[in-house]
Amino acid sequence: KRVESKICKAAMDKFYYNVKEQVTKLMISDIEKKKQRMIEVQDELLRMEPQLKKLQTKYDELKERKSSLRHAAYFLSNLKQLHQDYSDVQAKEPNVKEMVTPILLFIVLRKMIVGG
């Protein structure tokens, strides 16, 4: 019985170590693959960074342009309203003499730009 027991124990030990070795190799292989993929992704990120900066700059420029266009549209809308108001006054009182001073023009333009 002792001999059989030693043989069984030796076989079980060998089986255990073989399984342990295989599992360890698989885990190391998996870790290496993930490590390699991480390095590839990191390299890709480094390559893409200049493009990201360019896109961010372009986005900021377009955002500024959009803001400028909004201000221009607002100004034109106010100018149109001013023209309409002027036409209405001229229609109601055609005999009133027009008088535009530089300060009056400045006030009107300022009101058109900042609103109010």
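Residues numbered from 1 in each chain as written. Predicted model: local features only at pLDDT ≥ 70, side-chain atom pairs only at ≥ 80, totals over all residues. Heavy atoms only, no water.

The number of helices and strands found in the protein chain is two helices and zero strands. For 116 residues, the compact-globule estimate of 2.2 N^0.38 gives 13 Å, and the C-alpha radius of gyration of the protein chain, at 41 Å, exceeds that figure by more than 25%. Seen along its three principal axes, the alpha-carbon backbone of the protein chain occupies a region of about 130 × 30 × 20 Å. Going through the 116 residues of the protein chain one by one, you find that 3% of them count as buried. Carbon and sulfur atoms make up 63% of the accessible area of the protein chain, which amounts to about 11,500 Å² in all. (Helix = DSSP H or I, 4+ residues; strand = E, 2+ residues; numbered from the N terminus. Rg over C-alpha atoms; globule rule 2.2 N^0.38 Å. Buried < 20%, exposed > 50% of the residue type's maximum accessible area, 1.4 Å probe, protein only. Areas by Shrake-Rupley, 256 points an atom, 1.4 Å probe, with all protein chains shown as cover.)

Evaluation of the coordinates by the stated rule reveals one aromatic pair. Ring geometry for Tyr-16 against Tyr-17: centres 5.2 Å apart, planes inclined by 70°, an arrangement best described as edge-to-face. Look at Tyr-16 and you get partly exposed, because its relative accessible area is 48%. (Phe/Tyr/Trp six-rings, centres within 6.5 Å; stacked < 30°, edge-to-face > 60°.)

Under the definition given, this model contains four salt bridges. The salt bridge partner of Glu-21 is Lys-25, with a shortest N-O separation of 3.2 Å. Separated by four residues within a single helix, Glu-21 and Lys-25 lie in helix α1 (residues 2-92), roughly one turn from each other. Two residues, Glu-40 and Arg-37, come together in a salt bridge whose shortest N-O distance is 3.5 Å. Here Glu-40 pairs with Arg-37, and both are found in helix α1, just three residues apart, close to one helical turn. A relative accessible area of 46% places Arg-37 in the partly exposed class. (Salt bridge = Lys/Arg side-chain N within 4 Å of Asp/Glu carboxyl O.)

Let us look at the environment of Leu-69. Considering the arrangement of structural elements, one finds Leu-69 in helix α1. Placed 61 residues apart in sequence, Leu-69 and Cys-8 show a C-alpha to C-alpha distance of 86 Å.

This part is about a nonpolar patch on the surface. On the surface, a cluster of nonpolar side chains totalling about 390 Å² of accessible area is made up of Phe-15, Val-19, Val-23 and Met-27. With respect to the element layout, Val-23 can be found in helix α1. Taking the relative accessible area as the measure of exposure, Val-23 reaches 40% and is therefore partly exposed. (Patch = residues over 30% accessible without salt bridge, like charges linked within 9 Å, V, L, I, M, F, W, Y side chains within 5 Å.)

This brings us to the UniProt feature "coiled-coil region" (unreviewed entry) in the protein chain. UniProt records the feature "coiled-coil region" (unreviewed entry) at residues 45-72, using the numbering of this structure. Counting secondary structure, residues 45-72 comes out at 100% helix and 0% strand; the distance between its end C-alpha atoms is 39 Å. (UniProt positions renumbered as here; feature names shortened; annotations may be inferred.)

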